[in-house]
Amino acid sequence: MTSRAVQYARYGGPEVLEVVEREDPQPGPGQVRLAVRAASVNPADWKLRTGAFAPGETAPRQPVVPGFDVAGVVDAVGEGVTTLQVGDEVLGGTSGGAQAEQVVVDADGLVARPAALSWEVAGSLATVVATAYRVLERLGLAPGQVLLVHGASGGVGVVATQVALARGITVIGTASGRHQDDVRALGATPVVHGDDLVDHVRAATDRVDAVLDAAGKGSLADLVALAGSPDRVVTIAHPDADDHGVEFSSGGTVDGALAEFVGMLAAGTVRAPEVVVYPLEQVGRAQEDNRTGAVSGKLVIVP
Ligand SMILES: NC(=O)c1ccc[n+]([C@@H]2O[C@H](COP(=O)([O-])OP(=O)(O)OC[C@H]3O[C@@H](n4cnc5c(N)ncnc54)[C@H](OP(=O)(O)O)[C@@H]3O)[C@@H](O)[C@H]2O)c1
């Protein structure tokens, strides 16, 4: 049997993406194959596609199918998997390959999709939830402390802001002018990012105990000044982290994070980042819209 997948065989702009018909992937031990219902776009998709992480190389060793977050229906089960069956509806993270009609993923870490969660939202969550929980654990704030989330209107920022608030942490969230109301609606105090950030934040709070830089843009020096020390700042995206002695956090999650956040969503105590849906054939446009920031929210591919 064959099915469709997005892939690129050389590094470059969105023009290197093509939709191909390929043999169905087969699950190995501990894996399942999902019939994909939704797979989100992350900045990592287009950063990898440009070859930014493979300096001097023009092409990956094998064609790459992008996509790290997925929601779908189990349609084949690998050896040793006892927790899932064909027909189960799940969501979770992959090591790549989700922007396709089918993807093979490790069964561990997949979470049942509650009926209340749309396929599109379910397929948008894994990376942003893993990242937000990981950094919050690293920062280790107690109830009553103050967290500055730089980029509170983005995918990671929306999750981190709400999880922190649910833990009794006060959150100041930066965003552009057009997203101030969104940040306020989450329960945080919004501040406009850009020039005079330090003054704007100090006008909103007399203390900042830690900073999560979920934007990777703007002045890290400002964030360090606000936190009072580089070891109270963690960035997930800033290229100047080393210059400022700031930790760059990459990869990994906290056990149970996705299940907990999905439970909070199903209970209605938090909201998911907004989703914008694109068909598989428009994956290039979706990756470009994410790269340029032309479209806000989690951009989701539906095959
Ligand atoms: N290290 C990791 O494990 C990891 C994991 C996931 C993501 N990331 C990286 O983290 C970053 C955020 O990911 P995401 O999925 O949350 O992206 P996103 O949804 O596109 O959010 C980007 C955020 O940055 C803000 N922003 C945009 N321009 C800015 C500027 N000039 N100054 C300050 N803030 C600005 C945006 O606010 P407005 O739209 O309101 O301007 C928004 O809040 C990306 O670079 C991504 O590659 C890293």
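Computed from a prediction, not measured in an experiment: that's the story for all the values here. (Residues numbered from 1 in each chain as written. Predicted model: local features only at pLDDT ≥ 70, side-chain atom pairs only at ≥ 80, totals over all residues. Heavy atoms only, no water.)

Q: An account of the overall build of the protein chain is requested, with residue identities and associated values reported.
A: Each helix and strand in the protein chain was counted, giving nine helices and 15 strands. Relative to the compact-globule value of 19 Å for 303 residues, the protein chain shows a C-alpha radius of gyration of 19 Å, a close match. For the protein chain, the C-alpha atoms occupy an extent of roughly 60 × 45 × 30 Å along the three principal directions. Taking all contacts inside the protein chain whose residues are at least 6 apart in sequence as the whole, residues at least 24 apart take part in 65%. A total of about 13200 Å² of accessible surface is found on the protein chain, and carbon and sulfur atoms cover 49% of it. (Helix = DSSP H or I, 4+ residues; strand = E, 2+ residues; numbered from the N terminus. Rg over C-alpha atoms; globule rule 2.2 N^0.38 Å. Contact = heavy atoms within 4.5 Å. Areas by Shrake-Rupley, 256 points an atom, 1.4 Å probe, with all protein chains shown as cover.)

Q: I'd love a proper account of the nonpolar core, names of residues and values included.
A: Ranked by internal contacts, the top residues of the largest apolar core, which has 44 residues, are Leu91, Leu125, Val129, Leu147 and Phe261. Looking at this core, the elements that each hand over two or more residues are β4 (69-77), α2 (119-122), α3 (126-139), β8 (146-150), α4 (155-166), β9 (170-175), β11 (210-213) and α8 (257-267). Element by element, the count of residues in this core is highest for α3, at seven residues. Both domains that meet at this core, namely domain 1 (2-125 + 273-302) and domain 2 (128-248), each give it at least three residues. Aside from chain neighbours lying at most four places away, what touches Val129 is Val159, Ala257, Leu258 and Phe261. The next biggest cluster of nonpolar side chains, apart from the first, holds 17 residues, and it includes Ile172, Val201, Leu220 and Ala241. (Core = buried A, V, L, I, M, F, W, Y, C linked by side-chain atoms within 4.5 Å. Buried < 20%, exposed > 50% of the residue type's maximum accessible area, 1.4 Å probe, protein only. Domains from an automatic or database assignment.)

Q: An account of the environment of Ala286 is requested, with residue identities and associated values reported.
A: Assignment of secondary structure puts Ala286 in helix α9 (residues 283-292). The class for Ala286 is buried, based on a relative accessible area of 0%. A sequence separation of 144 residues divides Ala286 from Ala142, and the C-alpha atoms of the two residues are 38 Å apart. Excluding residues within four positions of it along the chain, Ala286 makes contact with Val41, Tyr278, Leu299 and Ile301.

Q: Residues and numbers for the sheet that holds strand β10 (residues 189-192), please.
A: The pairing of strands in a sheet comes from backbone hydrogen bonds and takes either a parallel or an antiparallel form. An order of β10-β9-β8-β11-β12-β13 is seen for the six strands of this open sheet, with the pairing classed as parallel. Here the strands that pair on one side only, and so sit at the sheet edges, are β10 and β13 (247-248). Bridging between β8 and β11 involves four bridges; their strand directions are parallel. Note on β11: the bridge partner recorded for Leu148 is Val211. Lying over the sheet, α3 contacts β8, β11, β12 (233-235) and β13, oriented at roughly 155° with respect to β11. With respect to the sheet, helix α6 (residues 197-204) is in contact with β8, β9 and β10, its orientation differing from that of β10 by roughly 160°. (Pairing = 2+ DSSP bridges. Axes fitted to C-alpha atoms, helices over the stretch in contact; angles between N-to-C directions.)

Q: Can you break down the site of the ligand residue by residue, with the values?
A: Taken together, 25 residues form the shell around the ligand, and within it Ser153, Ser176, His179, His193 and Ser249 come nearest. Contact with the protein chains removes 79% of the 920 Å² of surface that the ligand exposes when unbound. Of all the secondary-structure elements, those providing two or more residues to the shell around the ligand are α1 (43-49), α3 and α4. Of the residues that constitute the shell around the ligand, the class distribution is nine nonpolar, 13 polar and three charged. (Near = heavy atom within 4 Å. Nonpolar A, V, L, I, M, F, W, Y, C, P; charged D, E, K, R; others polar.)

Q: Which residues make up the pattern of salt bridges, and what are the values?
A: Counted according to the given criterion, the structure contains 10 salt bridges. One salt bridge in this structure joins Glu281 and Arg4, with 2.4 Å as the shortest N-O distance. In this pair, Glu281 sits in the loop between β14 (275-279) and α9 while Arg4 sits in strand β1 (residues 2-7), placing the two residues 277 residues apart along the sequence. On the accessibility criterion, Arg4 (22% relative accessible area) is partly exposed. Among the ionic contacts, a cluster of salt bridges with common partners joins Arg4, Glu101 and Glu281. (Salt bridge = Lys/Arg side-chain N within 4 Å of Asp/Glu carboxyl O.)

Q: So what's going on with α3? Residues and values would help.
A: End to end, α3 covers 20 Å across 14 residues, agreeing with the expected 20 Å (1.5 Å per residue, within 8%). Among the 14 residues of α3, 11 are classified as buried, and the element is accordingly described as predominantly covered. For α3, the full list of buried residues reads Ala126, Val128, Val129, Ala130, Thr131, Ala132, Tyr133, Arg134, Val135, Leu136 and Leu139. Of the residues trailing α3, Gly140 is marked for its positive phi of about 55°. (Expected span 1.5 Å × (residues − 1).)

Q: So what about unusual backbone geometry? Which residues, and what values?
A: Positive phi is not limited to glycine here, since Asp196 has a value of about 60°. Tracing the backbone shows Asp196 in the loop between β10 and α6.

Q: So, the domain arrangement of the protein chain: which residues are in play, and what are the values?
A: Considered domain by domain, the protein chain is made up of domain 1 (2-125 + 273-302) and domain 2 (128-248). The C-alpha centroid of domain 2 is placed 28 Å from the C-alpha centroid of domain 1. Tallying the contact residues gives six residues for domain 1 and seven residues for domain 2. Its largest share of buried area at the contact with domain 2, domain 1 owes to Leu125, Pro273 and Ser296, together 66% of the area lost on that side. Connecting domain 1 to domain 2 are zero salt bridges. Tallied by class, residues from the side of domain 1 that touches domain 2 come to two nonpolar, three polar and one charged. (Buried area = accessible area lost by both parts, 1.4 Å probe.)

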